[in-house]
Amino acid sequence: MKSITVVAHPLIDHSLTVIRRKETTTEEFRRHAGIVSKILLVEVMKGLATASVRIDTPLAPMTGKKLKDDVIVVPVLRAGLAMLFAIQDFLPSVSVGFIGLERDEKTAQARE
């Protein structure tokens, strides 16, 4: 079994409360879903590998870091779309994949 990471943060607690309130507007829901997604994504992405890269700054050359590998995201539709918009704030050119499934109405099982 893979390990589970629990991300505890007061902003997540606050935003989840706003999201769950029945009086929450669509605009508030989207904003707070984005906040939760961004906090979770920062935690998840801290394990991404980086590579050294030489750059020129206005003052002098230096060695910086860039992401070593391309990132591809595959959101689970509906809830995952909020996370897609959040990750695009961090990585605007991220590649996005989709898996097309539909539910068989007789068996309630997903199928391609």
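Refer to the structure above for everything that follows.
Residues numbered from 1 in each chain as written. Predicted model: local features only at pLDDT ≥ 70, side-chain atom pairs only at ≥ 80, totals over all residues. Heavy atoms only, no water.

**Section: the overall build of the protein chain**
Line of reasoning, step 1. Secondary structure summary: the protein chain contains 3 helices and 6 strands in total.
Line of reasoning, step 2. Order of helices (α) and strands (β) in the protein chain, N terminus to C terminus: α-α-β-β-β-α-β-β-β.
Line of reasoning, step 3. Scaling as 2.2 N^0.38, a compact globule of 112 residues should have a C-alpha radius of gyration of about 13 Å, whereas the protein chain reaches 19 Å, well beyond that.
Line of reasoning, step 4. Across its three principal axes, the protein chain shows a C-alpha extent of roughly 65 × 35 × 30 Å.
Line of reasoning, step 5. Expressed as a percentage of the 112 residues in the protein chain, the buried residues total 21%. (Helix = DSSP H or I, 4+ residues; strand = E, 2+ residues; numbered from the N terminus. Rg over C-alpha atoms; globule rule 2.2 N^0.38 Å. Buried < 20%, exposed > 50% of the residue type's maximum accessible area, 1.4 Å probe, protein only.)

**Some details on the packing of helix 1 (residues 10-20) against helix 2 (residues 26-45)**
Line of reasoning, step 1. In contact at an axis separation of 9 Å, helix 1 and helix 2 are set at 150° when each is read in the N-to-C sense. Viewed along their axes, helix 1 and helix 2 adopt a mutual orientation that is roughly antiparallel. Crossing geometry of helix 1 relative to helix 2 is assigned as left-handed. Each of Leu11, Ile12, His14, Ser15, Leu16, Val18 and Ile19 in helix 1 lies in contact with helix 2, whose residues at this interface are Glu28, Phe29, His32, Ala33, Ile35, Val36, Ile39 and Leu40.
Line of reasoning, step 2. Its residues assigned to classes, the contact of helix 1 with helix 2 comprises 11 nonpolar, 3 polar and 1 charged. (Axes fitted to C-alpha atoms, helices over the stretch in contact; angles between N-to-C directions. Parallel < 35°, antiparallel > 145°, perpendicular 65-115°, else oblique. Left-handed = near helix turned anticlockwise from the far one by under 90°. Contact = heavy atoms within 4.5 Å. Nonpolar A, V, L, I, M, F, W, Y, C, P; charged D, E, K, R; others polar.)

**Focus on the pattern of salt bridges**
Line of reasoning, step 1. This model, assessed by the stated rule, comprises 7 salt bridges.
Line of reasoning, step 2. In this structure, the salt-bridge partner of lysine 46 is glutamate 43, at a minimum N-O distance of 3.0 Å.
Line of reasoning, step 3. In this structure, a network of salt bridges that share partners links the residues Arg21, Glu23 and Glu28. (Salt bridge = Lys/Arg side-chain N within 4 Å of Asp/Glu carboxyl O.)

**Quick look at the nonpolar core**
Line of reasoning, step 1. Counting 8 residues, the largest nonpolar core consists of Leu41, Met45, Val73, Leu84, Ala86, Ile87, Leu91 and Val94.
Line of reasoning, step 2. Put simply, the parts of the chain that give this core at least two residues each are helix 2 and helix 3 (79-90).
Line of reasoning, step 3. With 3 residues, helix 3 is the single largest residue contributor to this core.
Line of reasoning, step 4. Discounting chain neighbours no more than four positions away, the residues touching alanine 86 are Gly34, Ser37, Lys38 and Leu41. (Core = buried A, V, L, I, M, F, W, Y, C linked by side-chain atoms within 4.5 Å.)

**What about the side chain of aspartate 104?**
Line of reasoning, step 1. Of note, aspartate 104 is situated in the loop between strand 5 (102-103) and strand 6 (110-111).
Line of reasoning, step 2. In this structure the side chain of aspartate 104 is engaged in a polar contact, spanning 2.8 Å, whose partner is the backbone nitrogen of lysine 106.
Line of reasoning, step 3. Setting aside its immediate chain neighbours within four residues, aspartate 104 contacts Gln109 and Arg111. (Polar contact = N/O pair within 3.5 Å; in protein donor to acceptor, adjacent residues only side chain to side chain.)

**Some points on a nonpolar patch on the surface**
Line of reasoning, step 1. The grouping of Ile72, Val74, Ile99 and Leu101 at the surface amounts to a nonpolar patch, some 430 Å² of accessible area in total.
Line of reasoning, step 2. Residue position: isoleucine 99 is located in the loop between strand 4 (95-96) and strand 5. (Patch = residues over 30% accessible without salt bridge, like charges linked within 9 Å, V, L, I, M, F, W, Y side chains within 5 Å. Areas by Shrake-Rupley, 256 points an atom, 1.4 Å probe, with all protein chains shown as cover.)

**A look at the environment of glutamate 27**
Line of reasoning, step 1. Residue placement: glutamate 27 occurs in helix 2.
Line of reasoning, step 2. Of the residues examined, glutamate 27 reaches a relative accessible area of 60% and is grouped as exposed.
Line of reasoning, step 3. The sequence separation of glutamate 27 and arginine 111 amounts to 84 residues, and the corresponding C-alpha distance is 33 Å.

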